[in-house]
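Spelled out from the first residue to the last, the chains are:
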Amino acid sequence: MSTSIHLSGTGSTPFERLIGHNPAVLEKWNDLEVSLFTQTSLDPDLMEQVRRTLAFGNGCEYCMVKAGKPDFDPKDQKISLATAFAELFALDHKSIQEAHFNMLREAFTEKEIAELCTFITFITASQRFGKIMNLTEDLQKNKVSSLAGVQGS
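No experiment lies behind these values; they were computed from the predicted model shown.

A.B. asks: Describe helix α2 (residues 23-38), naming the residues involved and giving the relevant values.
C.D. replies: With 16 residues, α2 should reach 22 Å at 1.5 Å per residue; the first-to-last C-alpha distance of 22 Å fits that figure. Those residues of α2 that sit buried are Leu26, Asn30 and Leu36. Looking straight down α2, one finds its buried side chains confined to an arc of 125°; they lie on one side. Turned more than 90 degrees off the buried face of α2, the exposed positions are Lys28 and Thr38. Where α2 is buried, its residues meet α1 (14-19), α3 (44-58) and α7 (110-132).

A.B. asks: Can you explain the pattern of salt bridges? Please cite residues and give values.
C.D. replies: Taken as a whole and assessed by the stated rule, the structure comprises six salt bridges. In this structure, Glu112 engages Lys78 in a salt bridge whose closest nitrogen and oxygen atoms are separated by 3.0 Å. A residue pair is termed long-range when its members are at least 10 positions apart, and Glu112 in helix α7 and Lys78 in helix α5 (residues 77-92) qualify at 34 residues. Note on Glu112: relative accessible area 10%, which makes it buried. Residue Lys78 is classed as partly exposed on the basis of its relative accessible area, which comes to 29%. Each of the salt bridges in this network shares a partner with another, and the network as a whole consists of Glu48, Arg51 and Arg52.

A.B. asks: For α7, give the residues involved together with the corresponding values.
C.D. replies: Its 23 residues give α7 an end-to-end C-alpha distance of 33 Å, which sits within 8% of 33 Å, the value for a rise of 1.5 Å per residue. Where α7 ends, the next residue or the one after it, Asn134, has phi of about 60°, a positive value.

A.B. asks: Help me get a handle on the layout of surface pockets, residues and values and all.
C.D. replies: Which parts of space are left empty comes out when a probe the size of a water molecule is rolled across the atoms. Looking at the largest pocket, its volume works out to about 400 Å³. Along the walls of the largest pocket sit 21 residues, with Phe15, Glu33, Tyr62, Lys66 and Gln140 positioned nearest its centre. Of all the elements in the fold, those that place two or more residues in the lining of the largest pocket are α1, α2, α4 (61-67) and α7. Taken together, the residues of the lining of the largest pocket sort by class into nine nonpolar, seven polar and five charged. Considering only enclosed or pocket space, the second largest pocket measures out at about 160 Å³ in volume. When contributions to the lining of the second largest pocket are tallied by element, the ones reaching two or more residues are α3 and α5. When residues of the lining of the second largest pocket are assigned to their parent elements, the largest contribution, five residues, is made by α5.

A.B. asks: So what's going on with the packing of α5 against helix α6 (residues 98-105)? Which residues, and what values?
C.D. replies: Where α5 meets α6, the closest approach of the two axes is 10 Å, and the angle between their N-to-C directions is 160°. Relative to α6, the element α5 is oriented roughly antiparallel. The element α5 and its partner α6 pack so that their crossing is left-handed. Between α5 and α6, the residues in contact are Leu81, Phe85 and Leu88 and His100, Phe101, Met103 and Leu104, respectively. Residues belonging to the contact of α5 with α6 are distributed by class as follows: six nonpolar, one polar and no charged.

A.B. asks: Go over the environment of Lys78 with me, naming the residues and quoting the values.
C.D. replies: On a C-alpha basis, the gap between Lys78 and Pro44 in space is 12 Å, while along the polypeptide they are 34 residues apart. When neighbours within four sequence positions are excluded, Lys78 is seen to be in contact with Leu46, Ala107, Phe108 and Glu112.

The rules behind the values
- Residues numbered from 1 in each chain as written.
- Predicted model: local features only at pLDDT ≥ 70, side-chain atom pairs only at ≥ 80, totals over all residues.
- Heavy atoms only, no water.
- Helix = DSSP H or I, 4+ residues; strand = E, 2+ residues; numbered from the N terminus.
- Expected span 1.5 Å × (residues − 1).
- Buried < 20%, exposed > 50% of the residue type's maximum accessible area, 1.4 Å probe, protein only.
- Arc of directions from axis to C-beta.
- Contact = heavy atoms within 4.5 Å.
- Salt bridge = Lys/Arg side-chain N within 4 Å of Asp/Glu carboxyl O.
- 1 Å grid on protein atoms, 1.4 Å probe; cavity = no way out; pocket = protein on both sides within 12 Å on 5 of 7 lines; lining within 4 Å.
- Points joined across faces, edges and corners; volume = space filled by probe spheres on them.
- Nonpolar A, V, L, I, M, F, W, Y, C, P; charged D, E, K, R; others polar.
- Axes fitted to C-alpha atoms, helices over the stretch in contact; angles between N-to-C directions.
- Parallel < 35°, antiparallel > 145°, perpendicular 65-115°, else oblique.
- Left-handed = near helix turned anticlockwise from the far one by under 90°.

In structure tokens:
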């Protein structure tokens, strides 16, 4: 199976090489990704667990096998709330209401909520792009698990 369009010669991963048909967009996309991951008040593990949650909600094989299913202590309130919110966003973002934000406010500051929602939205866009472009697990060079392994458990 191959990607929905041919990979460009610009970019270092299959994902980047799809966006790389427009190098200016790829550059800005990568800049935004770096900012979201490095210039945030959110914990890196929380962000990774949200990314993993979204991978399964958005159906991106390439993203699912990168690190597998979410793996965190359910007693961690911040990660539990963030991943539940991310899962709801992936399933039906239109159903999110003020009550959901009130729940987030129990553990997050306004700044953290803004960062979390921005991160969720960006990762969702990336993963849905990966899904429609047919980025499959065989293209993920950094995978830690197989799709059969992560879906079956």
